[in-house]
Amino acid sequence: MNFLFAFFIGHLALASDSISEESLQTFVDDAPSVLAVKQRLISAEELKGSLTRSFLPKVNLSYGRERFTTGPYHQVNQPYGGVEAEINIFNSGKDRLENIKRGKQAEIALIDERIARAKIMAESRKALAQYAYLQEIEKIFQEALKFHENNILGAQKRINAGLATKTDLLDFKQQKISLEQEIESLSYERGAALRLISILVGKDPAEGISVQYTNSHPEHQSEKVFSLTPGRSVFLQKATLLKDVSEIEEQASSRWWTPKIDIYGYALRFTQKEREYPRTGQRNDVTLGIKLTFPIFDSGEGMRQASSKEAVAKSYKYQVAQRQLEVQKESLDASRKLELAHNLIHGAEDSVKVMEEYRQGILREYVKGIKNSPDVLQANERWISARSKFADVKKNYQFALAEAIYLESLNL
């Protein structure tokens, strides 16, 4: 029976998704948020090639019947319809501009898809680091709780021996209750972090997932060196492409007055009401023609649109300059934050070693009767604080690392 139970539990563990640094990319690629942006990319790609399509004929096929109720054609029921075609042969370069614009919009969609994936990866890395941090903090409090449980037993022995008062025991019991409450709160926060990871990678938060991630810090010899080059960032490229699109729209709007030439033809059958011929063949019409459209006056709307687009284009030029400054700042911030987090780790690590020795020293002195329970409680709290600080700076390093990876992955 025990074997079957163990097998069942093991099977459930294997069935749950296991997320780690190595498998994160696979999960993110299938996340709904990333798939949604991919569809927008597909949509933009489908619109490319409009210049070639603009010179292809547009063909319409029509058919219908009419039954007349007035005049000499009362009660006459006749069919009508045929085929019509139109070919654009000249549009003052507007079709070429539209083709270039759609190509750039497809490039923007590609960048958006890349940014979305990198953003989800960064947020997922931070969520994993937060989860590992909470796990480590919970372990610290559990160790502290075990330490207090041993102190409670020791205090009881000292009371029985007449070496301590009941207040020592009450001190340790009160601290135990406080630690148990902290552990309960951490358990909830860890569950919330796990649910956040689930939705980031597109999993049902109600379903169980397992996380394989450690709140670790790098060794000097294995630390990755990042190359953050602001001028090669896709953010800057996107801003430049948006400026290009606005300039193309400005050019197209400024050509509102330019001519358009189309060749058209049709083979249609009209009703007797439209072509007053009794025989069917006499109402068939085949035509081939050329049409020149030359806008002369449109109440000034075209000029207004052109002026508006010109202002928008100038706005995007300034946005490119601003985005360049912002990208440079973000790159510098990420580099400095990563350097700071790494430097703080070593000091926090040394502090943990000191407080470990300090707590053990206080405990030995308490056993000898030199120190009392408040001294032990304070030593344990300082030990918890040092261990928590060490876990916190490691988490901050992982956050800074995630931001650096994010920015580096968006370099061209």
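Residues numbered from 1 in each chain as written. Predicted model: local features only at pLDDT ≥ 70, side-chain atom pairs only at ≥ 80, totals over all residues. Heavy atoms only, no water.

**Observations concerning the pairing of strand β3 (residues 77-90)**
We apply this condition: Strands were regarded as paired on the criterion that DSSP finds at least two bridges between them. Here a strand is any run of E in DSSP of at least two residues, a helix any run of H or I of at least four, and the numbering for each starts at the N terminus.
The pairing of strand β2 (residues 58-67) with β3 spans 10 bridges and is classified as antiparallel. Looking at β3, one finds that K58 is bridged to E86. Across nine bridges, the pairing between β3 and strand β5 (residues 260-269) is antiparallel. When the bridges of β5 are listed, G81 appears paired with R269.

**As for the packing of helix α6 (residues 166-200) against helix α9 (residues 373-409)**
The criterion, for reference: Fitted lines through C-alpha atoms serve as axes, helices being fitted only where they are in contact, and the angles separating the N-to-C directions of these axes extend from 0 to 180 degrees. Under this scheme an angle from 65 to 115 degrees is roughly perpendicular, one under 35 degrees roughly parallel, and one over 145 degrees roughly antiparallel; angles in between are oblique. Contacts between residues were defined by any pair of non-hydrogen atoms, one from each residue, lying within 4.5 Å. Note on residue categories: nonpolar means Ala, Val, Leu, Ile, Met, Phe, Trp, Tyr, Cys or Pro, charged means Asp, Glu, Lys or Arg, and polar means any other residue, Gly included.
Interaxial distance between α6 and α9 falls to 9 Å at its minimum, and their mutual angle equals 20 degrees. Considering their axes alone, α6 and α9 lie roughly parallel with respect to each other. Residues D168, D171, F172, Q175 and L179 of α6 touch α9, and the partners they reach there are S373, P374, V376, L377, E381 and I384. A breakdown of the residues in the contact of α6 with α9 according to their chemical character gives six nonpolar, two polar and three charged.

**Re the packing of aromatic side chains**
We count it as follows: Whether two aromatic rings pair depends on their centres lying within 6.5 Å, for rings of Phe, Tyr and Trp, where Trp uses its six-membered ring; planes under 30 degrees apart make the pair stacked, over 60 edge-to-face, and the rest tilted. The criterion is that NZ of a Lys, or CZ of an Arg, lies within 6 Å of the ring centre and within 35 degrees of the ring normal, and then a charge sits over that ring.
As enumerated under the stated definition, the model contains one aromatic pair in all. The ring of Y406 has K119 sitting right over it, with the charged end atom 5.5 Å from the ring centre. Between K395 and the ring centre of Y133, over which it is positioned, the NZ or CZ distance is 4.6 Å.

**Some points on the side chain of S92**
Note the following rule: Burial here depends on accessible area, computed with a 1.4 Å probe over protein chains only, as a share of the maximum for the residue type. Under 20% is buried, over 50% is exposed, and the range in between is partly exposed.
Relative to the helices and strands, S92 resides in the loop between β3 and α5 (94-160). Looking at S92, the relative accessible area reads 11%, which means it is buried. Filtering out sequence-adjacent residues up to four positions away, S92 remains in contact with R255, T258 and P259.

**So, the nonpolar core**
Selection criterion: The definition of a nonpolar core used throughout is a set of buried Ala, Val, Leu, Ile, Met, Phe, Trp, Tyr and Cys residues joined through side-chain atoms within 4.5 Å.
Membership of the largest hydrophobic core comes to 34 residues, with the highest contact counts inside it found for I19 and I197. Listed by contribution, the elements that provide at least two residues to this core are α2 (24-29), α5, α6, β4 (209-212) and α9. Top contributing element to this core by residue count: α5, with 14 residues. Beyond its immediate stretch of four places on either side in the chain, I19 contacts L24, F27, L128, I197, V201, I209, S210, V211 and Q212. Core analysis: the next-biggest nonpolar cluster, separate from the first, contains 14 residues, I108, I115, A122 and L407 among them.

**A word on the confidence of the model for the protein chain**
Quick reminder of the rule: Per-residue confidence from the predictor is given as pLDDT, running between 0 and 100.
Across the protein chain, the average pLDDT comes to 86, with 92% of residues at or above 70. Every residue in residues 1-15 is under pLDDT 50, and counting partners more than four places away or in other chains gives zero contacts.

**A few points about the pattern of salt bridges**
Using the following cut-off: We define a salt bridge as a contact between a side-chain nitrogen of Lys or Arg and a carboxyl oxygen of Asp or Glu at a distance within 4 Å.
Summed over all chains, the structure comprises 27 salt bridges. When the shortest N-O distance is used, the salt bridge between K101 and E249 registers 3.1 Å. Residue K101 is found in helix α5, and its partner E249 is found in helix α7 (residues 234-254); the two are separated by 148 residues along the sequence. What makes E249 partly exposed here is its relative accessible area of 22%. Notably, a salt bridge pairs R275 with D285, separated by 3.9 Å at the nearest N-O pair. With R275 in the loop between β5 and β6 (284-293) and D285 in strand β6, the pair connects residues that are 10 residues apart, well separated along the chain. For R275, a relative accessible area of 29% corresponds to the partly exposed category.

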